[in-house]
Amino acid sequence: MNIRYKDTHNFKKEDLEDLFLSVDWSSGHFPEKLAVAMQNFKTVYSAWDGEKLIGLICAMDDGIMNAYVHYLLVNPAFHGNKIGRTLVSMMKEHYKDYLRIAVIAYNDEMHFYENCGFVKSSDASPMFITSLWT
């Protein structure tokens, strides 16, 4: 396995569909929208095994103070290879001069992010509205 990392916003919709569905994310059913979304994110890093997209991290930012990690996913067949940690490290390096990098993590992801240096806020809770697609 020869994993390469890229800084790109250009993806084939099929590659995005395969990756997002590999982790059972409903957004994988909208590959055309995902391809446009990747163009619109400020920062996107990806991991590749040959021509196969196996990991992705995306962030939005305000240009100077705050960055928000929106997606971090790694194909489960490639878990255990430190791909997620490498993608997070790339993002942290990119935003090292910002005051804050924020991520919304589900409870079962907290340990991973804490091991990557994130700290759970004691005075704030994430809030979001999710549309359910049928």
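Everything discussed here concerns the structure shown above.
Rules used in this analysis
Residues numbered from 1 in each chain as written. Predicted model: local features only at pLDDT ≥ 70, side-chain atom pairs only at ≥ 80, totals over all residues. Heavy atoms only, no water. Patch = residues over 30% accessible without salt bridge, like charges linked within 9 Å, V, L, I, M, F, W, Y side chains within 5 Å. Areas by Shrake-Rupley, 256 points an atom, 1.4 Å probe, with all protein chains shown as cover. Salt bridge = Lys/Arg side-chain N within 4 Å of Asp/Glu carboxyl O. Buried < 20%, exposed > 50% of the residue type's maximum accessible area, 1.4 Å probe, protein only. Helix = DSSP H or I, 4+ residues; strand = E, 2+ residues; numbered from the N terminus. Polar contact = N/O pair within 3.5 Å; in protein donor to acceptor, adjacent residues only side chain to side chain. Arc of directions from axis to C-beta. Contact = heavy atoms within 4.5 Å. Pairing = 2+ DSSP bridges. Right-handed = clockwise from strand over helix to strand, strands pointing away.

Engineer: Before we go on, may I ask you to explain a nonpolar patch on the surface in this structure?
Structural biologist: A surface patch of nonpolar side chains, about 340 Å² in accessible area, is lined by Ile64, Met65 and Leu99. Among the residues examined, Leu99 registers a relative accessible area of 66% and is labelled exposed.

Engineer: I would appreciate a short explanation of the side chain of Thr8 in the present structure.
Structural biologist: With respect to the helices and strands, Thr8 occurs in the loop between strand S1 (3-7) and helix H1 (13-22). Of the residues examined, Thr8 reaches a relative accessible area of 17% and is grouped as buried. There is a polar contact of 3.1 Å between the side chain of Thr8 and the backbone nitrogen of Asn10.

Engineer: How should I be thinking about unusual backbone geometry in this particular structure?
Structural biologist: Excluding glycine, residues mostly carry a negative phi; peptide bonds, for their part, are mostly trans. For Asp24, which is not a glycine, the phi torsion comes out positive at approximately 60 degrees. Turning to its location among the elements, Asp24 is positioned in the loop between H1 and helix H2 (31-40). Phi at Lys82 takes a positive value of approximately 65 degrees, unusual for a residue other than glycine. Following the sequence through the fold, Lys82 ends up in the loop between strand S4 (66-74) and helix H3 (83-94). On the basis of relative accessibility, which here comes to 59%, the residue Lys82 falls in the exposed class.

Engineer: Is there a simple way to explain H2 in this structure?
Structural biologist: Turn by turn, an α-helix covers 3.6 residues, leaving residues three or four places apart pointing in a common direction. Among the residues of H2, those classed as buried are Pro31, Leu34, Ala35 and Met38. Within H2, the buried residues cover an arc of 100 degrees as seen down the axis, which keeps them to one side. Along H2, the residues that are exposed and aim more than 90 degrees away from the buried face are Lys33 and Asn40. Looking at the buried side of H2, the elements it contacts are H1, strand S2 (43-49), strand S3 (52-61) and S4.

Engineer: I keep staring at the pairing of S4 and nothing clicks. Help me out?
Structural biologist: For a regular strand, side-chain orientation follows a simple rule: the groups alternate between the two sheet faces. A large share of S4 lies buried, amounting to 7 of its 9 residues. Here S3 runs beside S4; their pairing, made up of 7 bridges, is antiparallel. Bridge pairing in S4 places Met60 opposite Tyr68. Note that S4 and strand S5 (residues 100-103) share 4 bridges and pair parallel. What sits directly across from Ala67, in S5, is Ile101. Following the chain from S4 across H3 to the adjacent parallel S5, one finds a crossover that is right-handed.

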